[in-house]
Amino acid sequence: MDYEAFVYLWFDSKNRMFYLGFHKGHEDDNYTHSSTIMESFSKKNIPQYMRRRILARGSYDDMTALEVSLLKNRKEKCWDRYYNVIAIFPPPPRLGEDSNLYVHGRSSDPEYNRERMKRYRENNPEKVRESSRESSRKWRENNPEKARERAQKWRENNPEKARENWRRYREKNPEKSRESERERAQKYRENNPEKARESSRKWRENNPEKAREKSRKHYAKKKLEKSLQTDSNSIV
C-alpha cells in the first residue's frame, strides 16, 4: 500500500447530507465511517442512496491535517449540511452529559440497555437477521468441527424440525438435494459395504416389482450407452 491513510466524503442522497472523515488504512478494507449520527452500515450492505468519494490519499499526518482543514472550511460555509459534529482532530474527550453514550445517566443501566436493544431489534429486523446470519457464517467457517457437532446435536434433539427443514430445502433445491443424497449414499456404501449389500438385498426382497423395474431400466440404459458407443466407433 503506497499510502497510510485517506480522507473520504459520504453523500446521503436521501437526506441530502454529507459526512467527511479520515481513516488510517486502505480504502478497500471494511471501514465505512465513524459517525454517531449518520446511519450505520457495513461495506456489504451499503444503502443505494449512500455514495463515497475518496478525496485524497497520503501519509497519516497529511491526511489528518487535510481533514481538519476541510472540516473547518465546511463549518464556516455549510455546516448544516454535514453529519459531522466537530472540526478538530483528535476530538476532545466527551464525558458525562457531553458523551454521546450518556442518556440521562442510564447508559450503564443493564435494564435500560436491554430495553434499548429490544427496541432496536423491533425497528430493524432485517439488519438484526443479516448481522446474525453473518456472525453465524463466520463462526461456522472458523469452527467447522464444532459447527458439525452442534448441528448433529440439534438434529438429534429436534428430529421433527430437522425433517421439516430438510423437506423445505428439497422443495426449494431439488437438484442440490438429489446430488447431496447421491453423495451421501455413495459415501455410506464405500464406508459400509457389507451393510449396504444387506440393505440392498432386503429392499429387493420387500419390493420385487420395483427391483425388477429398476433392473430393467438399468440394463436398458447400459444397452443404449453401448449402442451409442458402437455407432460412434463405426463413424470414426
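What you are looking at is a predicted structure, and each value in this text was computed from that prediction instead of being measured.

A few points about the sheet that holds strand β3 (residues 50-58)
On the basis of which strands lie adjacent, the open sheet formed by 3 strands has the order β2-β1-β3 and antiparallel pairing. The open sheet has two free edges, formed respectively by β2 (17-24) and β3, since each of these has just one partner strand. The mean angle between the axes of side-by-side strands here comes to 20 degrees, regardless of whether they run parallel or antiparallel. Pairing geometry for strand β1 (residues 5-12) and β3, over 8 bridges, is antiparallel.

A closer look at the nonpolar core
Residues L20, M63 and Y82 are the most contacted members of the largest nonpolar core, which totals 14 residues. The set of elements that each furnish at least two residues to this core consists of β1, β2 and α1 (60-77). Core analysis: the next-biggest nonpolar cluster, separate from the first, contains 12 residues, W10, M50, I54 and Y83 among them.

Comments concerning the pattern of salt bridges
In this structure the tally under the stated criterion is 21 salt bridges. Its salt-bridge partner being E126, residue R129 comes within 2.6 Å of it at the nearest N-O pair. On the criterion of helical spacing, the pair formed by R129 and E126 is a turn pair, its members being 3 residues apart in helix α3 (residues 125-142). Note on R129: relative accessible area 40%, which makes it partly exposed. Here E145 and R148 are joined by a salt bridge, their closest N and O atoms 2.5 Å apart. Residue E145 and its partner R148 are located together in helix α4 (residues 144-157), separated by 3 residues, close to a single helical turn. Judged by relative accessible area, which is 49%, R148 ranks as partly exposed. In this structure, a network of salt bridges that share partners links the residues K44, E134, R137 and E141.

The rules behind the values
- Residues numbered from 1 in each chain as written.
- Predicted model: local features only at pLDDT ≥ 70, side-chain atom pairs only at ≥ 80, totals over all residues.
- Heavy atoms only, no water.
- Pairing = 2+ DSSP bridges.
- Helix = DSSP H or I, 4+ residues; strand = E, 2+ residues; numbered from the N terminus.
- Axes fitted to C-alpha atoms, helices over the stretch in contact; angles between N-to-C directions.
- Core = buried A, V, L, I, M, F, W, Y, C linked by side-chain atoms within 4.5 Å.
- Buried < 20%, exposed > 50% of the residue type's maximum accessible area, 1.4 Å probe, protein only.
- Salt bridge = Lys/Arg side-chain N within 4 Å of Asp/Glu carboxyl O.

Function cannot be read off these values alone, since they describe shape.
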